[in-house]
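Commentary on secondary and tertiary structure
Read off the chains here:
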Amino acid sequence: MKIRFESRRSLEVPMEVITSYWDEPVMLRTGDLSPRGAFIPCSLIPDLGEHVICSFALPNRRTYDFFAEVVRVNAGRRASDRGDPGFGVAFLDAKPVERLQIRDALSATPPPVPTMRKPRNGAKVKRRA
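A short tour of the structure in this document, coming up.

Calculation criteria
- Residues numbered from 1 in each chain as written.
- Predicted model: local features only at pLDDT ≥ 70, side-chain atom pairs only at ≥ 80, totals over all residues.
- Heavy atoms only, no water.
- Helix = DSSP H or I, 4+ residues; strand = E, 2+ residues; numbered from the N terminus.
- Buried < 20%, exposed > 50% of the residue type's maximum accessible area, 1.4 Å probe, protein only.
- Contact = heavy atoms within 4.5 Å.
- Areas by Shrake-Rupley, 256 points an atom, 1.4 Å probe, with all protein chains shown as cover.
- Pairing = 2+ DSSP bridges.
- Axes fitted to C-alpha atoms, helices over the stretch in contact; angles between N-to-C directions.
- Salt bridge = Lys/Arg side-chain N within 4 Å of Asp/Glu carboxyl O.

Our next topic: the overall build of the chain. Secondary structure assignment for the chain yields one helix and seven strands. Secondary structure elements of the chain occur, N-terminal to C-terminal, as β-β-β-β-β-β-β-α. The buried share of the chain, reckoned over its 129 residues, is 33%. The long-range share in the chain, meaning contacts at least 24 apart out of those at least 6 apart in sequence, stands at 56%. For the chain, the accessible area works out to roughly 9,000 Å², and carbon and sulfur atoms hold 52% of it.

In structure tokens, the structure reads:
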């Protein structure tokens, strides 16, 4: 299991993503963001390990352009897949000062609320009162 170095923050930010699959940049919205990466809900998912380019702006009025690697893929097809389909990226070339700027801009945003796993077909779910 990988160790998470930064806390993810639940923030929907428009992010322009360029991959080898798409002919031109695609505007998506992040599901969560950290100084080292992001999760991007999307039904068209690039391959694990693919390199992409991510461009976004934060409320601190700074824009960021990073090369990133797809490190997580959630197709939403398995019972173990939580949440919406999408993919997680790790920023490869974020400088320390840029990570500090992103961390500062995200400091007032709460972390994401965990989602419940989807029940298997025919499984009964007990809810706590």
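Having seen the structure, we can now continue with the description.
Attention now goes to the sheet that holds strand β6 (residues 63-74). A sheet is described by the order of its strands in space; here seven strands give the open sequence β2-β1-β5-β6-β7-β4-β3, paired in antiparallel fashion. What marks the edges here is a single partner per strand, and that holds for β2 (26-29) and β3 (32-34). Going from strand to strand, the sheet's axes swing by 35° on average, the running direction of each strand aside. As defined by bridge partners, strand β1 (residues 14-18) adjoins strand β5 (residues 51-57) across four bridges and the pair is classed as antiparallel.

A word on the pattern of salt bridges. Opposite charge on two side chains permits pairing when their charged atoms draw close. For the coordinates displayed, the defined rule picks out one salt bridge. Note that Arg29 is salt-bridged to Glu12, the shortest N-O span being 3.5 Å. Note that Arg29 is positioned in strand β2 and Glu12 in the segment before β1, a separation of 17 residues in sequence. Judged by relative accessible area, Arg29 falls into the partly exposed class, the value being 42%. Take Glu12: its relative accessible area is 55%, and that puts it in the exposed class.

Residue position: Val26 is located in strand β2. Its relative accessible area of 25% is what places Val26 among the partly exposed residues. Between the C-alpha atoms of Val26 and Cys54, which are 28 residues apart in sequence, the distance is 9.9 Å. In this view, Val26 contacts Met15, Glu16 and Val17; residues no more than four positions away in its chain are not counted.

The next subject is the pairing of β5. Across seven bridges, β5 lies against β6 in antiparallel orientation. When the sheet's bridge partners are listed, Ile53 is paired in β6 with Phe67. Here β5 hands over to β6 after five residues, with Arg61 in that stretch at a positive phi of 65°.

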